[in-house]
Amino acid sequence: MLNTIRWGILGCGNVTEIKSGPAYQQTSGFSVQAVMRRDAEKAADYASRHQVPVWYSDADALINDPNIDAVYIATPPDSHLFYALKVAAAGKICCVEKPMALNTDECAQMNAAFAKAGVPLFVAYYRRSLPRFLQVKQWLDAGLIGTVRHVQWNFSRSPNQLDLAGAANWRTDPKQAGGGYFVDLASHGLDLLMYLLGDIRQVQGQALNQQGLYQAEDAVTAQWLFAPDAKGHIATGSGFWHFGTDGRRDVVEIIGSLGHIRFSVFQDDPLQLSVNGVTESVFIEHPAHIQHYHVANIAAHLRGELQHPSTGDSAIRATAVMQQILANRA
């Protein structure tokens, strides 16, 4: 690996301000050399505030900059394939925001391009690297709740002011996001569950728009089967995701033959492990920059120290599951 890998960021919007951008700047062996945003004034402002040496308003200029070794694509999903193919053609390392692309066909094209170029493609499903979820995986792998029987994820929230005002929002525009808030948010949890428990092999769902506030679905339910575990046991799963309810809910319960585990996907609430009627609560705080461990694992992967848990090969599976759930929209 190069002594310092110089990153360029395409799309320096909100996600890069605290969640990801500083993580790339603070990871040993990485630096952020350039940023790009189509609005030149906003690109220049971001570069100034974050002490980034170079800014662009043209994506090709950043991708082809000889002083850039790797590119982080932090634009809406409808442009991921377009930019990723350019990065692969330039032979540069890439990390793309989640969800990976609009559909599995686009994901497959991206994976093929990077395989041909011989450079890695990472996807920002950063929960696979967070210590709180590694603790859950440790409990599961140690068999503390026995054989996993069922997983239930309940998620809901009230409509926000942007929704109620009917304002433009790429997250609820299926052409830009591939769906609505379900695709934007549930992708994190579904990918995490597959990391913890193995691939989802069979899935069916129902989706509809109950509120009429935007084009995308706002109410989704699903049920699925996980792939058999090492002993041939098959766990079931179910979930609902609603974006027009009385308030916020975010609870995952993994139920086993000896106990259960409860946690939140998005909140840093205490993890709960219950076995034989005894409940243990463990609080593991999120890092200041939520993608810190994800980015650190990219660096470790490039040094040959470990296999990064979130690549294009794993991320396409979350897209496939969501695609099947949304296939039956009323």
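Rules used throughout
Residues numbered from 1 in each chain as written. Predicted model: local features only at pLDDT ≥ 70, side-chain atom pairs only at ≥ 80, totals over all residues. Heavy atoms only, no water. Helix = DSSP H or I, 4+ residues; strand = E, 2+ residues; numbered from the N terminus. Rg over C-alpha atoms; globule rule 2.2 N^0.38 Å. Buried < 20%, exposed > 50% of the residue type's maximum accessible area, 1.4 Å probe, protein only. Pairing = 2+ DSSP bridges. Salt bridge = Lys/Arg side-chain N within 4 Å of Asp/Glu carboxyl O. Axes fitted to C-alpha atoms, helices over the stretch in contact; angles between N-to-C directions. Contact = heavy atoms within 4.5 Å. Disulfide = S-S within 2.5 Å.

## Describing the overall build of the protein
Okay, step 1: The secondary structure content of the protein amounts to 12 helices and 14 strands.
Okay, step 2: The globule rule puts the C-alpha radius of gyration for 330 residues at 20 Å, and the 20 Å found for the protein is close to it.
Okay, step 3: Structurally, the protein occupies a C-alpha span of about 60 × 50 × 35 Å along its principal axes.
Okay, step 4: Considering the protein as a whole, with its 330 residues, one finds that 53% of them fall into the buried category.

## Re the pairing of strand β7 (residues 148-156)
Side-chain direction in a regular strand flips from residue to residue, so the side chains alternate between the two faces of the sheet.
Okay, step 1: Both β7 and strand β11 (residues 249-256) contribute to a ladder of 8 bridges, which runs antiparallel. Bridging across to β11, V148 finds its partner in G256.

## Notes on the pattern of salt bridges
Okay, step 1: Applying the stated criterion across every chain yields a total of 12 salt bridges.
Okay, step 2: A salt bridge links K98 to D184, with the shortest nitrogen-to-oxygen separation between them at 3.1 Å. Residue K98 is located in the loop between β5 (93-96) and α6 (104-117), and its partner D184 is located in helix α10 (residues 181-197); the two are separated by 86 residues in the primary sequence. Summarising the burial analysis for this pair, K98 and D184 share the class buried.
Okay, step 3: The salt bridge partner of E253 is R262, with a shortest N-O separation of 3.9 Å.
Okay, step 4: Exposure remark for E253: the relative accessible area of 22% places this residue in the partly exposed category.

## Regarding the sheet that holds strand β12 (residues 259-263)
Okay, step 1: Spatial strand order, β8-β9-β10-β7-β11-β12-β13-β14: 8 strands in an open sheet with mixed pairing. Since the sheet does not close on itself, it has two edges, and those belong to β8 (200-208) and β14 (278-282), each with one partner. Each neighbouring strand pair of the sheet contributes to a mean axis angle of 10 degrees, computed without reference to strand direction.
Okay, step 2: As judged from the 8 bridges shared by β8 and strand β9 (residues 219-226), these two strands associate in the antiparallel manner. Of the residues in β9, the one forming a bridge with Q204 is Q223.
Okay, step 3: Here helix α12 (residues 312-326) sits on the sheet and contacts β8 and β9; the angle it forms with β8, its principal contact strand, is near 45 degrees.

## Quick look at the state of the cysteines
Okay, step 1: Enumeration over the complete set of coordinates arrives at 0 disulfides.
Okay, step 2: Note on C12: no disulfide assigned, nearest cysteine sulfur contributed by C95 at a separation of 16 Å.
Okay, step 3: Residue class for C12 comes out buried when judged on its relative accessible area of 1%.
Okay, step 4: Cysteine C94 remains unbridged, with the sulfur of C95 as its closest cysteine sulfur at 6.9 Å.
Okay, step 5: Here C94 falls in the buried class, since its relative accessible area comes to 0%.

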